[in-house]
Amino acid sequence: MVSVNPASCRVALLAGGTSGEREISLASGKGAGDALRAAGFPVDEFDPASTDDLKAIIDGHYDVAFLCLHGKGGEDGRLQGFLETIRLPYTGPGVWASATAMNKAKSKLFYQQADIPTAPFVYVRQGDAYDAAEISTLMGGRCVVKPATEGSALGIYIVEGEESIAQAIEAVFEIDPLVVVEKFLAGTEITVAVIGNDDAFALPIIEIVPRGEFYDFDSKYAPGGSQHICPAPLDDDVTAVIQDQAVRAHKILGCTGVSRSDFILDENNTAWILETNTIPGMTATSLLPDAARAAGMDFPELCTRLVGYALEEAL
């Protein structure tokens, strides 16, 4: 990581956007903005939903863009491509890694290549014929139906049986033209943040205890929606294996700067990867700042590190 002098590093903080996660993005922007200013950075805030703001970024002579955008249009490589075009370094993974990680169907293929366990799955594209009965048989009972390219647990259904699967698929088509159906895995929900570029390393594992059946939108963002236990109460050898899997996911997807991978840990202590987030949340209840604190890193230091990784990657 390159050394950063916050006082001389002008930051364009991007939050908002046009996805279904706009309000969460704005909350992340406020959290990161406060932390960056506490670290001594001069920060200007922009909303990519505004073309005037995009033009101001181009004309502003900034040193780095700090991304707090979640979902489509912000986390999927599109905005990263804009920043590449104007040659402005930015936090988090690049265009290809962002686009690949955002697509839960494609990312699973890379997990398999890296020998990271992931649930059996099929995907269905809107307009194509599908057989719900066959899908039910393949999944062997309960399954999870979710959009391939949305985040924050938007539009996720846990269902069982041909009719319920078909209904869930059609419901998800309302928000995404590509649907992933995967076998339901019972177990403990955990998440592992990874920071760094070539020297990427995993932060302490967090166990998530959601208020509801699983870690859905409300569990993520509502006050009291979930409990975070960090470090997760796991044996050292299990911890090491899962952290290694998170780093391998970070690398196989081509991530730089930061990522956070979510897993289900089953009764046999096998961790099954669910997805990798390339712009983890930065709100008061978010997981990445929690993990950093458990590693002895306060929020301003975490943000300074992410800026350093961005500048290093741009060299």
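Cut-offs and rules
- Residues numbered from 1 in each chain as written.
- Predicted model: local features only at pLDDT ≥ 70, side-chain atom pairs only at ≥ 80, totals over all residues.
- Heavy atoms only, no water.
- Buried < 20%, exposed > 50% of the residue type's maximum accessible area, 1.4 Å probe, protein only.
- Helix = DSSP H or I, 4+ residues; strand = E, 2+ residues; numbered from the N terminus.
- Arc of directions from axis to C-beta.
- Contact = heavy atoms within 4.5 Å.
- Salt bridge = Lys/Arg side-chain N within 4 Å of Asp/Glu carboxyl O.
- Axes fitted to C-alpha atoms, helices over the stretch in contact; angles between N-to-C directions.
- Parallel < 35°, antiparallel > 145°, perpendicular 65-115°, else oblique.
- Patch = residues over 30% accessible without salt bridge, like charges linked within 9 Å, V, L, I, M, F, W, Y side chains within 5 Å.
- Areas by Shrake-Rupley, 256 points an atom, 1.4 Å probe, with all protein chains shown as cover.
- Lys, Arg positive; Asp, Glu negative; His and termini not counted.
- Charge placed at Lys NZ, Arg CZ, Asp CG, Glu CD.
- Right-handed = clockwise from strand over helix to strand, strands pointing away.
- Pairing = 2+ DSSP bridges.
- Core = buried A, V, L, I, M, F, W, Y, C linked by side-chain atoms within 4.5 Å.

(A) Local environment of helix H3 (residues 78-85). Three or more residues of H3 are buried, namely Leu 79, Gln 80 and Leu 83. Looking straight down H3, one finds that the buried residues subtend no more than 105 degrees of arc, so they occupy a single side. Projecting away from the buried face of H3 at angles above 90 degrees are the exposed residues Arg 78 and Thr 85. Those residues of H3 hidden inside the fold are in contact with strand S1 (11-14), helix H2 (51-59), strand S3 (64-67) and helix H4 (95-102).

(B) Highlighting the pattern of salt bridges. Summed over the entire model, instances satisfying the criterion amount to 12 salt bridges. A salt bridge links Glu 45 to Arg 37; the shortest N-O distance between them is 3.1 Å. We classify Arg 37 as partly exposed; its relative accessible area is 38%. For Asp 262, the salt bridge is made with Arg 260, and the minimal N-O distance between the two is 3.1 Å. Like Asp 262, the residue Arg 260 is buried in the burial classification.

(C) Here's a closer look at the environment of Lys 183. Structurally, Lys 183 can be placed in strand S7 (residues 178-183). Classification of Lys 183 by relative accessible area gives partly exposed; the value is 30%. It is 4.5 Å that separates the C-alpha atoms of Lys 183 and Cys 143, two residues lying 40 residues apart in sequence. Setting aside chain neighbours within four positions, we find Lys 183 in contact with Ala 119, Pro 120, Met 139, Gly 140, Arg 142 and Cys 143.

(D) Examining the packing of helix H6 (residues 132-139) against helix H7 (residues 162-172) more closely. Running from N to C, H6 and H7 cross one another at 110 degrees; their axes reach a closest spacing of 8 Å. On the basis of their axis angle, the class for H6 and H7 is roughly perpendicular. Mapping the contact onto sequence places Ala 132, Ala 133, Ile 135 and Ser 136 in H6 and Glu 162, Ile 165, Ala 166 and Ile 169 in H7.

(E) Examining a negative patch on the surface more closely. A grouping of Glu 84, Asp 198, Asp 199 and Glu 313 is seen on the molecular surface, where their side chains present a negatively charged patch. Relative to the assigned elements, Glu 313 resides in helix H11 (residues 299-314).

(F) Summary view of the side chain of Thr 278. Note that Thr 278 resides in the loop between strand S13 (271-277) and helix H10 (287-294). Since its relative accessible area comes to 3%, Thr 278 is described here as buried.

(G) Spatial organisation of the pairing of S1. In S1, alternate side chains face the same way, and those of Val 11 and Leu 13 on one face and Ala 12 and Leu 14 on the other are all buried. A crossover connection joins S1 to the parallel strand S2 (residues 43-46) through helix H1 (residues 22-39); in handedness this β-α-β unit is right-handed. The pairing of S1 with S3 spans four bridges and is classified as parallel. Bridge pairing in S3 links Val 11 to Val 64.

(H) Representation of the environment of Arg 211 in the model. Mapped onto the secondary structure, Arg 211 falls in the loop between strand S10 (206-210) and helix H8 (217-221). On the basis of relative accessible area, Arg 211 is assigned to the exposed category, the value being 54%. Between the C-alpha atoms of Arg 211 and Thr 191, which are 20 residues apart in sequence, the distance is 16 Å.

(I) Region of interest: unusual backbone geometry. For the bond running from Cys 230 to Pro 231, omega is 0 degrees, close enough to zero to count as cis. Note that Pro 231 resides in the loop between strand S11 (226-229) and helix H9 (236-252).

(J) Representation of the nonpolar core within the structure. Counting residues in hydrophobic clusters, the biggest one holds 32 residues, and the most contacted among them are Leu 36, Phe 66 and Met 282. Mapped onto this core, the elements with two or more residues apiece are S1, H1, S3, strand S8 (188-196), S10, H10 and H11. The element best represented in this core is H11, accounting for seven residues. Residues in contact with Met 282, not counting those within four places in the same chain, are Ala 27, Ser 28, Gly 31, Ala 32, Phe 66, Cys 68, Leu 288, Pro 289, Phe 299, Leu 302 and Leu 306. Core analysis: the next-biggest nonpolar cluster, separate from the first, contains 23 residues, Val 192, Ala 246, Phe 263 and Ile 273 among them.

(K) Molecular detail of the sheet that holds S2. Taken in spatial order, the three strands line up as S2-S1-S3 in an open sheet, and their pairing is parallel. Edge positions in the sheet fall to S2 and S3, since each of these pairs with one other strand and no more. The mean angle between the axes of side-by-side strands here comes to 30 degrees, regardless of whether they run parallel or antiparallel. Two strands pair when backbone bridges link them, and S1 and S2 are joined in this way by four bridges, in the parallel orientation.

(L) Seen up close, the packing of H1 against H11. The interhelical angle for the contact between H1 and H11, taken along N-to-C directions, is 90 degrees, at an axis separation of 8 Å. By the angle between their directions, the pair H1 and H11 is classed as roughly perpendicular. Contact with H1, carried on its side by Gly 31, Ala 32, Ala 35, Leu 36, Ala 38 and Ala 39, involves Phe 299, Pro 300, Cys 303, Thr 304 and Val 307 of H11 and no other residues of that element.

(M) Structural view of the environment of Ile 206. Here Ile 206 shows up in strand S10. Sequence separation of Ile 206 and Ala 193 is 13 residues, and the distance between their C-alpha atoms is 8.8 Å. Once residues lying within four places of it in the same chain are set aside, the contact partners of Ile 206 are Glu 189, Ile 190, Thr 191, His 228, Ile 229, Cys 230, Ala 232, Leu 287, Asp 290 and Ala 291.

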